[in-house]
Amino acid sequence: MIGYYNYTVWVTYLGMAFSVVGITLAVEGHATWAVAFLMLSGFCDSIDGMVARTKKDRTKQETRFGMQIDSLCDVLCFGIYPAVICYTLGVSGIIGKMVLVFYCGCGIIRLAYFNVLEEEKREGAKLYYHGLPITFMSAILPLAYLLRIWLTEGVFSVWLHVVLVITGLFFILDIPVPRTRVCVAVSLMMTDIAAVVFCMFSGVW
């Protein structure tokens, strides 16, 4: 069998599994649960590198495989998956499809550029990100989704168009984004969890 199956990539595969299940939930009309599963994918992505680094005897090939599988899963988890959620929530029609293509395209470009920087070990890359990491969508979309409670369906659809376009732009703008500290990541995750739980108890599914 090709590939590697040790524990260093298990968390990445788990995040992928959450995304695939979440896509089915979105298509079946369970938007809030789909957003919740997006957050789970984001959590897996936030710890997979830490888990992988605990294996001190990784070969160069195993390390490079981990980086590649992580990027490929990111395309699905934080590119295609959010696009499907937004499509089911009204980002459709000609303009909507153009927005979805733009968002996914920017995400792929961002990931490819990140991989290039990692291979070149560009100076300063360890201190900050070049452009907004695509994985941040797992935090942005839950917060944006919270407004579904108060906005009409049409206005909420427009809001999602705007969120996708702005987020996509930040993916490809070469602006320094400080690497997220643990306390900030935890705070943001707790805020997202509160937003999703609030939507559930408000009857938004």
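Everything numeric in this text was worked out from a predicted model, so none of it was measured.

Colleague: Would you take a moment to explain the packing of aromatic side chains for this structure?
Modeller: For any two aromatic rings, the description comes down to two numbers: the centre-to-centre distance and the angle of the planes. Applying the stated criterion to the full structure yields three aromatic pairs. Considering the side-chain rings of Phe-18 and Phe-37, the 5.8 Å spacing of their centres and the 75° angle between planes classify their relative orientation as edge-to-face. Separated by 19 residues along the polypeptide, Phe-18 in helix H1 (residues 10–27) and Phe-37 in helix H2 (residues 31–52) bring together distant segments of the chain. With relative accessibility at 18%, the residue Phe-37 sits in the buried group. Between the aromatic rings of Tyr-145 and Phe-156, the centroid separation amounts to 6.2 Å while the plane-to-plane angle is 75°, which identifies the pairing as edge-to-face.

Colleague: Can you walk me through the environment of Met-137 in this structure?
Modeller: With respect to the element layout, Met-137 can be found in helix H5 (residues 137–145). Take Met-137: its relative accessible area is 0%, and that puts it in the buried class. A sequence separation of 30 residues divides Met-137 from Thr-167, and the C-alpha atoms of the two residues are 7.8 Å apart. Ignoring sequence-local partners within four residues, the contact set of Met-137 consists of Leu-38, Phe-78, Pro-82, Tyr-103, Pro-142, Val-163, Leu-164 and Thr-167.

Colleague: Looking at this model, I keep getting lost on empty space enclosed by the protein. Mind explaining?
Modeller: Empty pockets left among the atoms are what a rolling probe the size of a water molecule brings to light. Applying the stated criterion to the full structure yields two cavities of 30 Å³ or more. Each pocket or cavity is described by its volume, and for the largest cavity that value is around 60 Å³. Considering the residues around the largest cavity, the lining is formed by 13 residues, among which Thr-12, Gly-15, Asp-45, Asp-48 and Asp-74 are closest to the centre. Taken together, the elements giving at least two residues each to the lining of the largest cavity come down to H1, H2 and helix H3 (60–88). The element that contributes the greatest number of residues to the lining of the largest cavity is H3, accounting for five residues. Considering only residue class, the lining of the largest cavity consists of six nonpolar, three polar and four charged.

Colleague: Explain the side chain of Ser-138 to me, please; I cannot follow it from the model alone.
Modeller: Tracing the chain through its elements places Ser-138 in helix H5. Within the structure, Ser-138 has its side chain in polar contact with the backbone oxygen of Thr-135 (distance 2.8 Å).

Colleague: Got a minute to help me understand the nonpolar core in this structure?
Modeller: One recurring pattern in soluble globular proteins: nonpolar side chains tend to sit buried together. Residues Ile-85 and Leu-164 are the most contacted members of the largest nonpolar core, which totals 37 residues. Those elements that place two or more of their residues in this core are H1, H2, H3, helix H4 (93–120), H5 and helix H6 (153–172). The biggest single contributor to this core is H3, with nine residues. When neighbours within four sequence positions are excluded, Ile-85 is seen to be in contact with Ala-26, Ala-34, Val-35, Leu-38 and Leu-141.

Colleague: Honestly, H5 in this entry has me stumped. Any pointers?
Modeller: For the α-helix, the turn length of 3.6 residues means that residues three or four positions removed from each other point alike. In terms of burial, H5 is largely enclosed, as seven of its nine residues are buried. Residues Met-137, Ser-138, Ala-139, Leu-141, Pro-142, Ala-144 and Tyr-145 constitute the buried set of H5.

Colleague: Mind showing me how you'd approach the side chain of Ser-41 here?
Modeller: If you trace the backbone, Ser-41 turns up in helix H2. A polar contact of 2.8 Å, which involves the side chain of Ser-41, links it to the side chain of Ser-19. In this view, Ser-41 contacts Gly-15, Phe-18, Ser-19, Cys-77, Phe-78 and Tyr-81; residues no more than four positions away in its chain are not counted.

Colleague: So what exactly am I meant to see when it comes to the confidence of the model for the protein chain here?
Modeller: For any part of a model where pLDDT is low, the fine detail of the predicted coordinates should not be relied upon. Across the protein chain, pLDDT averages 85, with 82% of residues at or above 70. Within the protein chain, helix H7 (residues 182–201) has the poorest average pLDDT of any element, 62, and H6 the best, 96.

Colleague: How should I be thinking about the environment of Ala-83 in this particular structure?
Modeller: Within the element layout of this structure, Ala-83 appears in helix H3. Assessed through its relative accessible area of 7%, Ala-83 is described here as buried. C-alpha of Ala-83 to C-alpha of Val-101: the two residues are 18 residues apart in sequence and 8.6 Å apart in space. Dropping the residues within four chain positions of it, Ala-83 is found in contact with Leu-100 and Cys-104.

Colleague: Mind showing me how you'd approach the packing of H2 against H3 here?
Modeller: For any two helices packed against each other, one specifies the inter-axial angle together with the distance between the axes. Where H2 meets H3, the axes come as close as 11 Å, and the angle between the chain directions of the two elements is 160°. One way to sum up the angle between H2 and H3 is to call them roughly antiparallel. Judged by the sense of rotation from one axis to the other, the crossing of H2 with H3 is left-handed. Between H2 and H3, the residues in contact are Ala-34, Val-35, Phe-37, Leu-38, Ser-41, Gly-42, Asp-45 and Asp-48 and Asp-70, Asp-74, Cys-77, Phe-78, Tyr-81, Pro-82 and Ile-85, respectively.

The rules behind the values
Residues numbered from 1 in each chain as written. Predicted model: local features only at pLDDT ≥ 70, side-chain atom pairs only at ≥ 80, totals over all residues. Heavy atoms only, no water. Phe/Tyr/Trp six-rings, centres within 6.5 Å; stacked < 30°, edge-to-face > 60°. Helix = DSSP H or I, 4+ residues; strand = E, 2+ residues; numbered from the N terminus. Buried < 20%, exposed > 50% of the residue type's maximum accessible area, 1.4 Å probe, protein only. Contact = heavy atoms within 4.5 Å. 1 Å grid on protein atoms, 1.4 Å probe; cavity = no way out; pocket = protein on both sides within 12 Å on 5 of 7 lines; lining within 4 Å. Points joined across faces, edges and corners; volume = space filled by probe spheres on them. Nonpolar A, V, L, I, M, F, W, Y, C, P; charged D, E, K, R; others polar. Polar contact = N/O pair within 3.5 Å; in protein donor to acceptor, adjacent residues only side chain to side chain. Core = buried A, V, L, I, M, F, W, Y, C linked by side-chain atoms within 4.5 Å. pLDDT = per-residue confidence, 0-100. Axes fitted to C-alpha atoms, helices over the stretch in contact; angles between N-to-C directions. Parallel < 35°, antiparallel > 145°, perpendicular 65-115°, else oblique. Left-handed = near helix turned anticlockwise from the far one by under 90°.

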